[in-house]
Amino acid sequence: MRTSTGGRIGQYAALLAYLVFLALPFLWLVSIAFKSPRELGSLHPTWFPQEPTLDNFRQAFDEQPLLRAAGNSLLAALGAALIAVLIATPLAYVMARHRTRLAKAATGWVVVSQAFPLVLVIIPLFLVLKNLGLINSLPGLVLVYVVWALPFSLWMLVGYVRAVPAELEEAAAVDGAGRLRTLVSVTAPLLAPGIVATALFAFITAWNEFFFALVLLKTPEKQTLPVVLTHFIGAEGVADLGPLAAAAFLATLPSLVVFAIIQRRITGGMLTGAVKS
Amino acid sequence: MTLVTATKRSAQGAPGADGGRRPVDHGAWFLVLPALIPILVLSVGPLLYGILLAFTDAQSGRTRSTQWIGTLNFQDLLHDTLFWESFRIGLVWAVGVTVPQFLLALGLALLLNQDLKLRWLARALAIIPWAMPEVVVGVMWRLVYSPDAGVLNETLRDLGLGDGRDWLSGLGTALPAVIVVGVWAGMPQTTVALLAGLQNTPRELHEAAAMDGAGAWRRFRTVTWPALRPVAFAITALNFIWNFNSFALVYVLTSGGPGGRTRLPMLFAYEEAFRYGQFGYAAAMGCVMVALISVLLALFLVGRLRGGDDT
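Basis of the calculations
- Residues numbered from 1 in each chain as written.
- Chains lettered and ligands numbered in written order.
- Predicted model: local features only at pLDDT ≥ 70, side-chain atom pairs only at ≥ 80, totals over all residues.
- Heavy atoms only, no water.
- UniProt positions renumbered as here; feature names shortened; annotations may be inferred.
- Helix = DSSP H or I, 4+ residues; strand = E, 2+ residues; numbered from the N terminus.
- Buried < 20%, exposed > 50% of the residue type's maximum accessible area, 1.4 Å probe, protein only.
- Contact = heavy atoms within 4.5 Å.
- Areas by Shrake-Rupley, 256 points an atom, 1.4 Å probe, with all protein chains shown as cover.
- Buried area = accessible area lost by both parts, 1.4 Å probe.
- Salt bridge = Lys/Arg side-chain N within 4 Å of Asp/Glu carboxyl O.
- Polar contact = N/O pair within 3.5 Å; in protein donor to acceptor, adjacent residues only side chain to side chain.
- Nonpolar A, V, L, I, M, F, W, Y, C, P; charged D, E, K, R; others polar.
- Phe/Tyr/Trp six-rings, centres within 6.5 Å; stacked < 30°, edge-to-face > 60°.
- Expected span 1.5 Å × (residues − 1).
- Arc of directions from axis to C-beta.
- pLDDT = per-residue confidence, 0-100.
- Axes fitted to C-alpha atoms, helices over the stretch in contact; angles between N-to-C directions.
- Left-handed = near helix turned anticlockwise from the far one by under 90°.

Chain B carries the name ABC transporter permease protein in an unreviewed UniProt entry, which gives Streptomyces lincolnensis as its organism. Taken from UniProt, the Sequence similarities (unreviewed entry) comment for chain B reads in full: "Belongs to the binding-protein-dependent transport system permease family." Database annotation for chain B, UniProt heading Subcellular location (unreviewed entry): "Cell membrane".

Per an unreviewed UniProt entry, chain A is named Transport system integral membrane protein, and its organism is Streptomyces lincolnensis. Looking at the Subcellular location (unreviewed entry) heading of the UniProt record, one finds this comment for chain A: "Cell membrane". For the record of chain A, the UniProt heading Sequence similarities (unreviewed entry) holds the text "Belongs to the binding-protein-dependent transport system permease family."

Structure follows, in structure tokens:
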């Protein structure tokens, strides 16, 4: 389609404005992370660090147990992602292939669960986990994350299952393959990339999660990265800007890398799920 | 046609032809239970328990048993002006974020649907807000808004437009400031959803409309928008709920301050439950939030059904 030259210029101007809006806050974070204390104290901050330094990173690790927090985040996110995908995939398969009442109920739950404020779930969960002795423990957090990751995992996986032609399974059944054989040797390989994408998405969501971690984890040794990050902001909201920026930058990197890898698959999965149901 | 109907039919049509009936339905249960049990125990269960708690005087760290107090929590809530103030703030926030988010995302999606040179860069950058932990988004914008070291104030100073404001502590500026952050954080998802919707509209329709001499606005109204509408309504409804129930972003940016000007309902409920230990009262707040949001969404959906007959 043709667009006039004036229209083109307008389009590029708009695109540029979007790029600035999207990029500048992040550039500012990175810039501050590498600035020296003297520069941070200056009344006229510059866009780029004049004397780039890694001091903020060193100080961040000194001030807060960042490594341990990252380890906790990693464990919680890995555990949640693996378990969520493991139990969601079979249900997603049934939801995608069978129009049973159960499948409809599960779909309904996926939609409804999006509308509930977390506080209505976390108070009873808090009481239950407390009785089980799972407050302030990573297994307790993983349990909560699994349930939290299930709706969108199901949603994405249903989309991926629908993308696998049922005719292939029917052909295998005609050839005499049993149900399990069909699932394992025909469906699973075709579904594998979608399962990996879903697991990675669940991983990132758990890695980034804050509310449950804030409520359930009490002692610094158990806390995850997002919770520990808030410790850099003092009680009166006064923050040590350099280390805060450095730690925030580090906490984002894993998500950004993983997300960059799977972004296309996620959007594909979510949309096939959304459009077709 | 699905696997189960296919096998059932073949089994009925020719009994014993494939070595007897396959245990299709039993098999389905094995597939369903691993997810169903945790959902029932850890999601549906707590939800119902949470609703029950709203009718009790449950408190944290108390030794004597919890009493059933009927609707007392809800009666108290009715007169809790702070809660209704937070509810009002929540609505202003949710609308204030959702509407600009949608409009900006629509604009960006339309741009990205064109053959523009910097398209790849915009797609790459859009990952940043999407993948970032909300806590980091909050931290980052604190740095942007910072009175001394912030880029916003410095830019304004350079332009001669004022002299270092503390945006997040100003009574009048705090809510708009956090709304901007909310828009920034949620724009990519909306953009991607709308972009996918755009790519589902057949190109030929556009070309045909263009050949008939339809201008850009008419093409948008007659071709693009009708195809986009289902996606647009779905994403707007979801965004509204998510925004209304959001917590981490504002918790990190302002903790609800200054003077409660940014205290969203979730922050209020969090404080009641986990700072003051009022579990029953906070659960009642959760119930009221769900109920009122459901009513608003129902109105929205009714409007949608009246607005068109698609899907």
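Now that the structure has been shown, the text picks up again.
A. The arrangement of the overall build of chain B in detail. Counting secondary structure elements, chain B contains 13 helices and zero strands. Taken from N to C terminus, the helices and strands of chain B fall in the order α-α-α-α-α-α-α-α-α-α-α-α-α. Taking all 311 residues of chain B together, the buried fraction comes to 52%. Summarising the internal contacts of chain B: among those between residues at least 6 apart in sequence, 64% fall at separations of at least 24. Carbon and sulfur atoms make up 63% of the accessible area of chain B, which totals about 14,600 Å².

B. Region of interest: unusual backbone geometry. The peptide bond linking G257 of chain B to P258 of chain B adopts the cis configuration, its omega dihedral lying at -10°. On the secondary structure map, P258 of chain B appears in the loop between α11 (248–253) and α12 (265–275). Positive phi outside glycine occurs at N136 of chain A, with the angle close to 60°. Within the secondary structure, N136 of chain A sits in the loop between α6 (118–131) and α7 (138–163). Here N136 of chain A falls in the buried class, since its relative accessible area comes to 16%. One non-glycine residue with positive phi stands out, namely S255 of chain B, at about 55°. Note on placement: S255 of chain B falls in the loop between α11 and α12.

C. Just the interface of chain A and chain B, in detail. Listed by partner, the interface residues are 86 residues for chain A and 96 residues for chain B. Counting the surface lost from both chain A and chain B, the interface buries some 8,300 Å², and carbon and sulfur atoms represent 80% of this. Across the chain A-chain B interface, the total number found is zero salt bridges. For the pair chain A and chain B, the interface holds eleven residue pairs in polar contact (both at pLDDT 80 or more). When residues of the side of chain A that touches chain B are assigned to their parent elements, the largest contribution, 16 residues, is made by helix α12 (residues 241–276) of chain A. Tallied by class, residues from the side of chain A that touches chain B come to 66 nonpolar, 13 polar and seven charged.

D. Structural context of the packing of aromatic side chains. Enumeration over the complete set of coordinates arrives at 36 aromatic pairs over all chains. Aromatic side chains F26 of chain A and F249 of chain A sit 6.5 Å apart centroid to centroid with 45° between the ring planes, which places their arrangement in the tilted category. Here F26 of chain A, found in helix α1 (residues 5–33), pairs with F249 of chain A, found in helix α12; they are 223 residues apart in sequence, far enough to count as distant. In this structure, F26 of chain A and F249 of chain A share a single accessibility class: buried. Measuring from centroid to centroid gives 5.8 Å for W217 of chain B and F220 of chain B, while their planes differ by 20°, and the two rings are stacked. Separated by three residues within a single helix, W217 of chain B and F220 of chain B lie in helix α10 (residues 216–244), roughly one turn from each other. Its relative accessible area of 56% is what places W217 of chain B among the exposed residues. Given a relative accessible area of 16%, F220 of chain B falls into the buried group. Each member of the aromatic cluster is reached from another via a ring pair, and the members are F126, Y145, W148, F210, F211 and F212 of chain A together with F247, Y251, Y270, F274 and F279 of chain B.

E. Local environment of the pattern of salt bridges. Residue and element names in this part refer to chain B. Applying the stated criterion across every chain yields a total of seven salt bridges over all chains. Across the pair E85 and R88 runs a salt bridge, and its minimum N-O distance is 3.1 Å. Residue E85 and its partner R88 are located together in helix α4 (residues 81–112), separated by three residues, close to a single helical turn. Given a relative accessible area of 45%, R88 falls into the partly exposed group. R157 is paired through a salt bridge with E154; the nearest N and O atoms lie 2.6 Å apart. Pair noted here: R157 and E154 are both in helix α7 (residues 151–158), with a separation of three residues, about one helical turn.

F. Fine view of the side chain of T53 of chain A. All names here are of chain A. Mapped onto the fold, T53 is located in the loop between α2 (37–41) and α3 (55–63). Looking at T53, the relative accessible area reads 13%, which means it is buried. With residues near it in sequence (within four places) discarded, T53 still touches A33, F34, K35 and S36.

G. Seen up close, helix α5 (residues 101–113) of chain A. Residues and elements named next belong to chain A. Spanning 13 residues, α5 covers 18 Å between terminal C-alpha atoms, matching the ideal 18 Å at 1.5 Å per step. For α5, the complete set of buried residues consists of A103, A106, W109 and V110. Down the axis of α5, the buried set is contained in an arc of 120°. They therefore lie on one face. Opposite the buried face of α5, by more than 90 degrees, sit the exposed residues R101, K104 and A105.

H. Expanded view of the confidence of the model for chain B. Residue and element names in this part refer to chain B. Per-residue confidence for chain B averages 83 on the pLDDT scale, and 88% of its residues sit at or above 70. Ranking the helices and strands of chain B by mean pLDDT puts α4 first, with 95, and helix α1 (residues 3–13) last, with 37. For the stretch residues 1–24, pLDDT sits under 50, and the model shows 23 contacts to residues farther than four places along the chain or on other chains. We note a pTM of 0.87 for the whole complex and an ipTM of 0.89 for its interfaces.

I. Layout of the packing of α6 of chain A against α7 of chain A. Residue and element names in this part refer to chain A. Packing of α6 against α7 brings their axes to within 12 Å, and their N-to-C directions diverge by 145°. Seen along the crossing, α6 lies across α7 with a hand that is right-handed. Judged by residue contacts, L118, L125 and L129 of α6 engage G140, L143, V144 and W148 from α7. Residues belonging to the contact of α6 with α7 are distributed by class as follows: six nonpolar, one polar and no charged.

J. Structural context of the UniProt feature "transmembrane region" (unreviewed entry) in chain A. UniProt records the feature "transmembrane region" (unreviewed entry) for residues 12–34, 74–96, 108–129, 141–161, 182–207 and 244–262 of chain A in the present numbering. Within residues 12–34 of chain A, the helical portion is 96% and the strand portion 0%, while the C-alpha atoms at the span's ends are 32 Å from each other.

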